[in-house]
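Results of the structural survey
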Amino acid sequence: MSRKSPRDGSSCDDRRVWLSAPQLAGDENALVRAALESGWITGAGPHVDELERMLAEVVGVAHAVAVSSGTAALHLALRALGVGAGDPVICSTLTYVASASPILYQGAEPVLVDAEEGSWNLDPRRLVESIERLVASGRRPAAVVCVDLFGQCANYAQIEEICDRYEVPLIEDAAEALGASHGRRAAGSFGLAAVLSFNGNKIITASGGGALVSSDPSIIEHARRLAAHSCDPAPHYQHSELGYNYRMSNVVAAIGCAQLRVLQDRVLQRRTVFERYREGLSDLPGLGFMPEATAGRSNRWLSCITLDPAEAGIEPEKLRQNLGNENIEARRVWKPLHLQPLFADNEVVGGEVAERIFERGLCLPSGPGLTVRDQDRVISIIRSALQDADQP
Ligand SMILES: *Cc1c(COP(=O)(O)O)cnc(C)c1O
């Protein structure tokens, strides 16, 4: 096996340029070894404690609980807020399915709300419209799940104010945005609680895993109890409420600790990748970039471009295939949830902006291990695809 394959997870094909390959930070071996030697090799231990402490510090909140995935963290947040069957829950429509699947786990009803052009995130005006529409029909929303898309925080200056005004609990889905900021606050510090993910493709990984972070100790303590089968304080096994097995292993947490130490490096690496795309492509007619909101700093988890087929002469799907033929992985922007068969029966408020971004968007290779040489190849393939398309 080549030296490279275990590092970036590409053992099946070393030459492939991946969308978002993980990269080791360096201390993983030592910390995993320490975890194993400590004897804490299951769902609790000093590395879990350390990861939770570091996460709370990085995000700027008081409390964190590490769990088995970001999806699990969101499920726990909904449970801790008391979201139940039939409750309307507002959710960004332009996102990955995992932002809304826990709403379905609860038997609650996603109400899918459009994005705004300026940030690709939840449109505050549409949020107001959706809350007022629900309230007018006697269905008070039980929560808002607001996503920070591709590493950029939503417009929380307005969204927090709206949720406060209408007294609707806000959950931040910051699974893609660890290391980003909005104003002077870090991603993960907005709303009543926020979800983080350490899945393999995210800005840092623990090989898998996630966390719920909050300033409210009661939310985190409830989530912690639910994540471990919800045991009552009794000398025997006693359970009053339904729990889950969502704990994070201490061995996994050791990897997370090593990765979290290099978070700021990863943000800089990914932002540099984005800047190189901008330098290499921004003169092309019909090609644009995901905008960066002026109020904050994106972690540029994924570099996203947009193509106007009329001007660029090529559809994003065709460009994706061209790159694929050169062994380069690009992906379409998330298909909006309101267009997914799974959510066909759910309400949608707006949706046109998300649809346009989906039709035009393409995510380019963005990992910290992307070499300048590989990135130059990506750039030159895109340039020739758009210029060829220009010719009659
Ligand atoms: C990855 C992701 C999740 C889920 O995280 P997992 O750790 O993979 O369960 C949730 N929401 C968004 C927006 C994501 O990108």
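Residues numbered from 1 in each chain as written. Predicted model: local features only at pLDDT ≥ 70, side-chain atom pairs only at ≥ 80, totals over all residues. Heavy atoms only, no water.

**A look at the site of the ligand**
Around the ligand lies a shell of 15 residues, among which Thr-71, Asp-173, Glu-176, Ser-197 and Lys-202 are the nearest. Glu-176 places a polar side-chain atom, nitrogen or oxygen, 2.6 Å from an oxygen atom of the ligand. Contacts to the ligand include Ser-197, whose side-chain N or O atom sits 2.7 Å from an oxygen atom. Taking 380 Å² as the accessible area of the ligand by itself, protein coverage stands at 92%. (Near = heavy atom within 4 Å. Polar contact = N/O pair within 3.5 Å; in protein donor to acceptor, adjacent residues only side chain to side chain. Areas by Shrake-Rupley, 256 points an atom, 1.4 Å probe, with all protein chains shown as cover.)

**Concerning the pattern of salt bridges**
All told, the structure shown has 26 salt bridges when counted by the stated rule. The partner of Arg-125 in a salt bridge is Asp-123, and the shortest N-O contact between them spans 3.3 Å. Classification of Arg-125 as exposed rests on a relative accessible area of 65%. On the basis of relative accessible area, Asp-123 is assigned to the buried category, the value being 7%. Ionic pairing is found between Glu-129 and Arg-126, a salt bridge with its closest N-O pair at 2.9 Å. (Salt bridge = Lys/Arg side-chain N within 4 Å of Asp/Glu carboxyl O. Buried < 20%, exposed > 50% of the residue type's maximum accessible area, 1.4 Å probe, protein only.)

**Considerations on the sheet that holds strand S4 (residues 143–147)**
The strand order across the open sheet built from eight strands is S1-S9-S8-S5-S4-S2-S3-S14, with neighbouring strands paired in mixed fashion. The sheet is open, and its two edges are formed by strand S1 (63–67) and strand S14 (347–349), each paired on a single side. Within the sheet, the average angular offset between the axes of one strand and its neighbour, ignoring direction, is 20 degrees. By the bridge criterion, four bridges tie strand S8 (residues 193–197) to strand S9 (residues 210–214) in an arrangement that is antiparallel. Its bridge partner lying in S9, Leu-196 is registered against Ala-211. Across the face of the sheet, helix H6 (residues 124–136) comes into contact with strand S2 (88–92), strand S3 (109–113), S4 and S14 while running at roughly 135 degrees to S14. The sheet contacts of helix H8 (residues 217–226) involve S1, S8 and S9, and relative to S1 the element is tilted by about 20 degrees. (Pairing = 2+ DSSP bridges. Helix = DSSP H or I, 4+ residues; strand = E, 2+ residues; numbered from the N terminus. Axes fitted to C-alpha atoms, helices over the stretch in contact; angles between N-to-C directions. Contact = heavy atoms within 4.5 Å.)

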